[in-house]
Amino acid sequence: MPEEVAGEVDVIYEESDEEFPPNTSRKKQKSSLPKWKRSHISPRIDLHEDKHESAKQLLLGKSPSLAGASEWTVFVKVFQNMLDHLVCETNKYANRDKNMPDFQITEEEMYNFIGLLLLSGYNMRTSEKEYWSKSPDLSCPATAETMSRNRFQKIKSVLHAADNQSLGSSKMSKIKPLYELLNQSLLMFGVLHENLSIDESMVPYFGRHPCKQFIRGKPIRFGYKCWVIASSCGLPYKVAVYEGKTDNACKDPLGTRTVMDCLKVCENPAYHHIYFDNFFTSYDLVADLKNLGYRATGTIRENRMKGCPLKTNNDMKKTDRGSFDYKSDGNVEMVRWNDNSVVTLCSNAVGVEPIRQVKRRVKNKGVVMVSQPHVVGCYNAGMGGVDLVDRALADYRPTIRGKKWYWPLLINAINIAIVYSWRIYQLTTNCESRQKDFRRSLVAVMLKKSKPRTSVDSRPGPSFSVPAEVRTDNRNHYPQSCPVRRCAVCKRNCRIQCVKCNKSLHLNECFQKYHEK
């Protein structure tokens with residue numbers, strides 16, 4: 001676009017989701033169509049004996065030790081397997097592949113490193129080195145007391161999540177083992193919620209990689225795409241990084257394959273109601289999910305409705321706001337509703353009835369009551385869990401950047417583990433704990449895992465300049481003793497500094513020369 005920066009763009013085409021192959025005759029097409037009638041499907045409710053049991057009761061029943069557990073206890077239970085993997089692979093990569101036999105990172109030091117990464121998510125600087133600055137307006141004492149800048153950069157340069165000598169053919173082989181461990185942690189307590197939503201999530205990335213996507217109209221347009229299944233309250237259960245089009249023997253559309261892969265986390269299909277948008281929904285998918293025992297609802301595109309004879313979108317726009325049309329074949333019900341725009345939904349569990357009244361603001365009329373089909377209300381309540389996960393990830397995403405292509409995905413895996421732990425902590429304590437407070441409590445523990453550095457003030461660090469208006473105002477500039485540092489004028493060792501300027505200066509000409517205009 002004219003307002004965008006010029007550069008290379010990866011154009012990604014969606015796989016074809018046409019209902020019928022091009023060689024299929026019209027006669028066969030018509031014979032395979034379902035018989036649509038103006039009727040309702042029977043609602044599928046109370047299909048599981050534990051349906052009315054709350055997620056908190058299910059969680060504490062599977063893990064009673066979480067009752068009253070602290071933030072750190074919950075996080076360690078979720079993240080420990082990922083931490084052990086990162087420590088092992090980082091040491092292996094540094095010693096064997098980078099020829100650094102003396103390099104060794106411990107579990108405590110890895111926690112220090114991750115704590116500094118999380119700190120950058122809510123205590124931001126414009127560059128990485130500013131966290132170790134001694135300038136009073138930029139300094140962050142917690143970073144200098146925890147780890148030196150050189151040590152932090154060395155760990156970041158060798159941080160690894162896979163064994164280079166056993167990489168597979170996958171484009172994501174460098175990061176795939178970490179996401180496998182992450183998915184194991186996300187299923188540690190099972191799938192606790194009834195309403196689940198499946199959608200895509202973007203990880204921002206502007207470099208070059210064959211899996212990088214460009215999706216126009218999204219808040220994050222450039223980056224890696226992940227398929228996520230989450231509860232309606234924003235608790236993730238599985239994250240899969242999209243690797244692009246593959247030579248898969250399965251002829252099902254991409255949306256169908258993604259939904260079926262995400263639903264492998266569910267042990268009891270009758271307990272769950274699945275929601276997805278029109279990228280995934282098709283008549284065949286919703287019908288197949290009903291045969292498998294799942295309740296499913298989603299918005300649907302015109303070319304995937306198996307010839308359902310609903311009123312066209314143009315005809316619906318001419319009707320009053322709140323009007324609807326519906327058809328059913330006994331298993332699946334299609335509903336088209338006119339609100340601000342026309343929307344079509346497909347469901348195998350809920351239909352039009354019972355019809356509810358909702359408030360809408362109309363120009364020149366104020367607030368009016370509009371009829372809303374039951375399936376629309378269910379979709380609005382059940383869909384959006386992945387969006388809540390995206391929002392939680394973006395609120396305090398670590399801002400320290402790396403040069404490796406898999407760095408954003410590695411940070412994203414740690415970030416998802418934080419969000420999952422936070423949601424589990426909310427369930428166990430039954431309180432609305434803020435995510436920032438949860439992260440701060442974790443960082444406070446991580447930064448104290450190893451012995452604090454001593455005499456930080458005497459260690460070298462990025463210098464700062466004193467403004468001329470302060471240096472030459474001739475007020476309160478007194479000498480005092482200090483540790484050995486370089487004189488700001490002659491650069492020789494000195495044990496005297498100015499109280500106001502905090503610069504080492506000899507008491508001879510250097511002190512006077514530094515404070516002269």
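Note that the structure is a prediction, hence the values are computed from the model and not measured.

Rules and cut-offs
Residues numbered from 1 in each chain as written. Predicted model: local features only at pLDDT ≥ 70, side-chain atom pairs only at ≥ 80, totals over all residues. Heavy atoms only, no water. Phe/Tyr/Trp six-rings, centres within 6.5 Å; stacked < 30°, edge-to-face > 60°. Helix = DSSP H or I, 4+ residues; strand = E, 2+ residues; numbered from the N terminus. Buried < 20%, exposed > 50% of the residue type's maximum accessible area, 1.4 Å probe, protein only. Salt bridge = Lys/Arg side-chain N within 4 Å of Asp/Glu carboxyl O. Core = buried A, V, L, I, M, F, W, Y, C linked by side-chain atoms within 4.5 Å. Contact = heavy atoms within 4.5 Å.

A. View of the packing of aromatic side chains. Taken as a whole and judged by the stated rule, the model has 17 aromatic pairs. Seen from their ring centres, Trp132 and Phe152 are 5.3 Å apart, and the 50° between their planes marks the pair as tilted. With Trp132 in the loop between α4 (107-122) and α5 (141-146) and Phe152 in helix α6 (residues 149-158), this residue pair connects regions lying 20 residues apart in the sequence. For the pair Trp132 and Phe152, a shared accessibility class is recorded, and that class is buried.

B. Summary view of the pattern of salt bridges. Counted according to the given criterion, the structure contains 20 salt bridges. As a salt-bridge pair, Arg38 and Asp325 come within 2.7 Å of each other at their nearest N and O atoms. In this pair, Arg38 sits in the loop between α1 (26-32) and α2 (55-62) while Asp325 sits in strand β7 (residues 324-328), placing the two residues 287 residues apart along the sequence. On the basis of relative accessible area, Arg38 is assigned to the exposed category, the value being 52%. Residues Asp261 and Lys264 are paired through a salt bridge, measuring 3.7 Å at the closest nitrogen-oxygen approach. Relative accessible area serves as the criterion here: at 29%, Asp261 is assigned to the partly exposed category.

C. How the structure looks around the nonpolar core. One finds Phe79 and Phe113 to be the most contacted residues of the largest nonpolar core, which totals 106 residues. Tallying contributions element by element places helix α13 (residues 407-429) first for this core, with 15 residues. When near neighbours in sequence (up to four residues on either side) are disregarded, Phe79 contacts Leu86, Tyr111, Ile114, Ile414 and Ala417. Counting 14 residues, the second-largest nonpolar core is a separate cluster that includes Tyr326, Val335, Trp337 and Val350.

Honestly, it's all geometry; don't read function into it.
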